[in-house]
Amino acid sequence: MDPRIWSKLPPEILEYILSFLPLKTFLNLRSTCKSFWSLIFTPPFINKHSSSSSSSSSPFSNFLFLSHPQFHHSHFTLYDCNHATWRNISLSLTTNDSSSLHHSSPSSSWFTTLVSSGGLFCLSDPTSCSLLVCNLLAKTSRKIQYPSFNLHLEHLTFVTTPKGYTIFVLFSHSSSSPSSSSSNVFVYDSKVLSWTRFEGRFGVNLGDNIRQHQGVYFNGGLYFATPEPFSVVKFDLGIGKLERPIGVLPNQVTFLRLVGDGGEGKKMYLVGGVGSNGISRSIKLWEFCEENDYGNYWNEVESLPDLMCRKFVSVCYHNYEHVYCFWHEGMICICCYTWPEILYYLVSRKTWHWLPRCPSLPLKCSCGFKWFSFVPNLYAAV
């Protein structure tokens, strides 16, 4: 088309025409023109490509993201769940402020904590006392300063909700002694872009028990599973109140992990071992059921088949501190820091599977395997 004609097209007509391009093609085209870049935020594009559309029409695959200390600082391994294949790619995080955090990448030594939820990644940078929330697909990010510069980050939970995202952190004062049980609870709400501090001595109930594992968003609150004596506690995000216990736990459990439903906040699951003397004889899955005539309770959903259970237990060497769980597109993933494979449960089919080992991993690869759910979402706001 003659450029003189093309340039005179009304903006709404241009938006309509370009909205028919495959999104992947347009993402490659957008860097050629500032007006093309802005088109991805116009109503035709949002209506056609937003994450609210059905998963079958989504233009992107969803991935399981593997991070390991032996990987190159910008090289990562992704398992493409839609195409059942491994992909090796280079990723770098960009910020709105190119003068700060410019060396950032998910495994960079500048970051000590990395969590993901709803297409966003949240990283902790202790050198600048800040957090970085970023959308790798949209190449957008937000730097969030700690509430105070004299605080030491003890725990970070990052969850996306239907209205944005929430960051729950436990801080201790840098001058506090290691034996001090006093922790400061702060919650960051993306809707108001600010921190809220909740007063109280939460160290005994939370800080000493939840440092290693993220909380789960369910029914407007954050839930945490604590080690022995096992319990499930709820932190009410509205009033900053800690409630415990939540439901009667199964008998003879050896470890417990909570799993949400990916930010919807409608379902919550419990993964745990059942046995005696700290040795798991079986691995079971429970779903939380809210009050009825009998009160809140955990309903047993499935039990891991015996042969798969034996393999999982042998991988852990009965050290369940290495076990962590997360939700990924209808899958409940059970992982171990010392093992490069994922055990997962397909909720819709009620079946258990092992994700095959990544072929690019060295045979003698040390522990430190950390998996994340990565579901690209162009419109996930930071």
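- The protein carries the name F-box domain-containing protein in an unreviewed UniProt entry, which gives Arachis hypogaea as its organism.

## Brief notes about the sheet that holds strand β17 (residues 269–276)
Point 1. Read from one edge of the open sheet, 4 strands run β16-β17-β18-β19, paired in antiparallel fashion. Of all strands in the sheet, those with a lone pairing partner are β16 (253–259) and β19 (297–303), marking the two edges. Adjacent strand axes in the sheet meet at a mean angle of 30 degrees when their direction is disregarded.
Point 2. The sheet contact formed by strand β18 (residues 279–289) and β19 spans 6 bridges and is antiparallel. Opposite C289, over in β19, you have Y297 as the bridge partner.
Point 3. Across the sheet, helix α7 (residues 306–316) lies against β16 and β18, angled at about 105 degrees from β18, the strand it touches most.

## Here's the deal with the nonpolar core
Point 1. Within the largest apolar cluster, 24 residues are counted, with the highest numbers of intra-cluster contacts made by V271, L304, F312, I332, I334, L343 and W352.
Point 2. Those elements that place two or more of their residues in this core are β16, β17, β18, α7, β20 (323–328), β21 (331–336), β22 (339–346) and β23 (351–355).
Point 3. Ignoring anything within four residues of it in the chain, the contact list for L304 reads I283, C309, F312, L343 and W352.
Point 4. By size, the runner-up hydrophobic cluster in this structure holds 21 residues, among which are V133, F158, Y188 and W195.

## Points about the sheet that holds strand β15 (residues 241–243)
Point 1. Within the open sheet, the 4 strands sit side by side as β12-β13-β14-β15. Their pairing is antiparallel. Both edges of this open sheet fall to β12 (216–218) and β15, since each of them pairs with a single strand only. For this sheet, the mean angle separating the axes of adjacent strands, direction not counted, is 30 degrees.
Point 2. As paired strands, β12 and strand β13 (residues 221–226) are joined by 3 bridges and run antiparallel to one another. In the strand pairing of β13, V216 is matched with Y223.

## Details of empty space enclosed by the protein
Point 1. All told, the structure shown has 1 cavity of 30 Å³ or more when counted by the stated rule.
Point 2. By volume, the largest cavity is sized at about 40 Å³.
Point 3. Lining the largest cavity are F312, V315, I334, C335, C336, W339, E341 and W354.
Point 4. Those elements that place two or more of their residues in the lining of the largest cavity are α7, β21 and β22.

## Quick word on the side chain of H213
Point 1. Following the sequence through the fold, H213 ends up in the loop between α6 (203–207) and β12.
Point 2. The exposure class of H213 is buried, given its relative accessible area of 16%.
Point 3. Within the structure, H213 has its side chain in polar contact with the side chain of R257 (distance 3.3 Å).
Point 4. For H213, the contacting residues outside a window of four places in its chain are H155, F224, R257, E321, V323 and Y324.

## Quick notes on the side chain of T166
Point 1. Here T166 lies in strand β9 (residues 164–173).
Point 2. Its relative accessible area of 9% is what places T166 among the buried residues.

## Section: the environment of Q145
Point 1. Locating Q145 in the fold gives a position in strand β7 (residues 140–145).
Point 2. Its relative accessible area of 32% is what places Q145 among the partly exposed residues.
Point 3. On a C-alpha basis, the gap between Q145 and S124 in space is 10.0 Å, while along the polypeptide they are 21 residues apart.
Point 4. Not counting chain neighbours up to four residues away, the residues in contact with Q145 comprise S128, C129, S130 and W195.
Point 5. Polar side-chain contacts of Q145 include one of 2.6 Å to the backbone oxygen of S128.

## Details of a nonpolar patch on the surface
Point 1. Taken together, the side chains of W6, I13, Y16, I17 and F20 define a hydrophobic patch exposed on the protein surface, amounting to about 500 Å² of accessible area.
Point 2. Mapping I17 onto the fold places it in helix α2 (residues 11–18).
Point 3. For I17, a relative accessible area of 38% corresponds to the partly exposed category.

What counts as what
- Residues numbered from 1 in each chain as written.
- Predicted model: local features only at pLDDT ≥ 70, side-chain atom pairs only at ≥ 80, totals over all residues.
- Heavy atoms only, no water.
- Pairing = 2+ DSSP bridges.
- Helix = DSSP H or I, 4+ residues; strand = E, 2+ residues; numbered from the N terminus.
- Axes fitted to C-alpha atoms, helices over the stretch in contact; angles between N-to-C directions.
- Contact = heavy atoms within 4.5 Å.
- Core = buried A, V, L, I, M, F, W, Y, C linked by side-chain atoms within 4.5 Å.
- Buried < 20%, exposed > 50% of the residue type's maximum accessible area, 1.4 Å probe, protein only.
- 1 Å grid on protein atoms, 1.4 Å probe; cavity = no way out; pocket = protein on both sides within 12 Å on 5 of 7 lines; lining within 4 Å.
- Points joined across faces, edges and corners; volume = space filled by probe spheres on them.
- Polar contact = N/O pair within 3.5 Å; in protein donor to acceptor, adjacent residues only side chain to side chain.
- Patch = residues over 30% accessible without salt bridge, like charges linked within 9 Å, V, L, I, M, F, W, Y side chains within 5 Å.
- Areas by Shrake-Rupley, 256 points an atom, 1.4 Å probe, with all protein chains shown as cover.
- Salt bridge = Lys/Arg side-chain N within 4 Å of Asp/Glu carboxyl O.

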